[in-house]
Every structure is written in structure tokens, then in C-alpha cells.
Amino acid sequence: VATLKSEGPFTVFAPTDAAFAKIPKNQLDAILADKATLTKILTYHVVPGKVMAADVKPGPVKTAQGSNLTVSVADGTVMVDKAKVVKTDIAASNGVIHVIDSVIVPR
């Protein structure tokens, strides 16, 4: 929350509700109970700067969490690590949101 309340701009890869449903309940409950782990995972979904879909370039991208996620493009499909981008360019007051079909976790 503190990260996203700052000025930005940011690019956020937001998992769908179905993406969270893929995580077994006991694992999700454990993540939600561990604030440090939850913060690492959530900030891994945030990239400094506003990157619109048309400007996406394949390769490593530094996240707000500190490690890199990998963006790839094949046959018009954009992947962020192993998550598929399913909706793009949702305007936010301090950046842009791209919706993904899985929760991504830093290695």
C-alpha cells in the first residue's frame, strides 16, 4: 500500500480473482498471515515507471520488490514470468495496470 500511495508512476501486474483461487487455501492463508512474505509478493507485481502495452519489451524488468521478473512475448501473447497478461492499459492515477492470470512470486 505504501508503495502504491507514493507518487509513481508505476506499472502494476494485477492478478485476477481466479489467479488467487489457483493458490491452495492453506498456502494462501500462510502468505496472508506473514506480512513480510505478502509484501515481497505484492511489490514483485509492481514495476517503477509507466509501461503501456505497446511499449513492452521482452527481458528482465526490475520490480519494486528489488528482484527482476521476466517479460516475454510470443505470437502476440505477453507473459510476465509464467503469468499471461489478459487485459492491458487500465489507467490508474499514478500509472497503469495490466491484468494477469496467475500470481507471480519472486524466486
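Everything below is about the structure shown above.
A quick note: this is a predicted structure, and the numbers were derived from the prediction, not measured.

**With respect to the overall build of the protein**
At step 1: Helices and strands together make up the secondary structure of the protein, namely four helices and seven strands.
At step 2: Tracing the protein from N to C terminus, the helices and strands come up as α-β-α-α-α-β-β-β-β-β-β.
At step 3: Its C-alpha radius of gyration of 13 Å places the protein within 12% of the 13 Å reference for a compact globule of 107 residues.
At step 4: Dimensions of the protein, computed from the C-alpha atoms along their principal axes, are close to 40 × 35 × 20 Å.
At step 5: Classification of the 107 residues of the protein by burial places 30% in the buried group.
At step 6: Total accessible area computed for the protein in this model is approximately 6,600 Å², and 60% of it derives from carbon and sulfur atoms.
At step 7: One finds the centroid of the 12 positive side-chain charges in the protein at a distance of 3 Å from the centroid of its 9 negative side-chain charges.

**So, the sheet that holds strand E2 (residues 46-48)**
At step 1: Taken together, the seven strands give an open sheet; going across it, the order is E2-E1-E7-E6-E5-E4-E3, and neighbouring strands pair in mixed fashion. A strand with exactly one partner marks an edge of an open sheet, and here the two such strands are E2 and strand E3 (59-62). Strand-to-strand twist in this sheet, taken as the mean axis angle between neighbours without regard to direction, amounts to 35°.
At step 2: Bridge count for strand E5 (residues 77-80) against strand E6 (residues 83-92) is two bridges, and the pairing is antiparallel. The residue bridging Val80 from the neighbouring strand is Ala83, located in E6.

**Re the pairing of strand E7 (residues 95-100)**
As a general feature of sheets, a regular strand has side chains that alternate between the two faces.
At step 1: The buried fraction of E7 amounts to five of the six residues, a majority that puts the element mostly inside the structure.
At step 2: Of the pairings in the sheet, the one linking strand E1 (residues 10-15) to E7 comprises six bridges and is parallel in character. Opposite Pro15, over in E7, you have Ile100 as the bridge partner.
At step 3: Sheet topology places E6 next to E7; five bridges connect them, and they run antiparallel. Looking at the pairing, Lys87 lines up with Val99 of E7.

**Concerning the pattern of salt bridges**
At step 1: Per the stated rule, a full pass over the model turns up two salt bridges.
At step 2: Two residues, Lys25 and Asp29, come together in a salt bridge whose shortest N-O distance is 2.8 Å. Of this pair, Lys25 and Asp29 both sit in helix H3 (residues 25-33), four residues apart, which is roughly one turn of the helix.
At step 3: Judged by relative accessible area, which is 60%, Lys25 ranks as exposed.

**Some details on the environment of Thr16**
At step 1: Tracing the sequence through the fold places Thr16 in the loop between E1 and helix H2 (17-21).
At step 2: Thr16 sits 85 residues away from Asp101 along the chain, and the two C-alpha atoms are 5.9 Å apart.
At step 3: In contact with Thr16, not counting residues within four places along its chain, are Val86, Val99, Ile100 and Asp101.

About the thresholds
Residues numbered from 1 in each chain as written. Predicted model: local features only at pLDDT ≥ 70, side-chain atom pairs only at ≥ 80, totals over all residues. Heavy atoms only, no water. Helix = DSSP H or I, 4+ residues; strand = E, 2+ residues; numbered from the N terminus. Rg over C-alpha atoms; globule rule 2.2 N^0.38 Å. Buried < 20%, exposed > 50% of the residue type's maximum accessible area, 1.4 Å probe, protein only. Areas by Shrake-Rupley, 256 points an atom, 1.4 Å probe, with all protein chains shown as cover. Lys, Arg positive; Asp, Glu negative; His and termini not counted. Charge placed at Lys NZ, Arg CZ, Asp CG, Glu CD. Pairing = 2+ DSSP bridges. Axes fitted to C-alpha atoms, helices over the stretch in contact; angles between N-to-C directions. Salt bridge = Lys/Arg side-chain N within 4 Å of Asp/Glu carboxyl O. Contact = heavy atoms within 4.5 Å.

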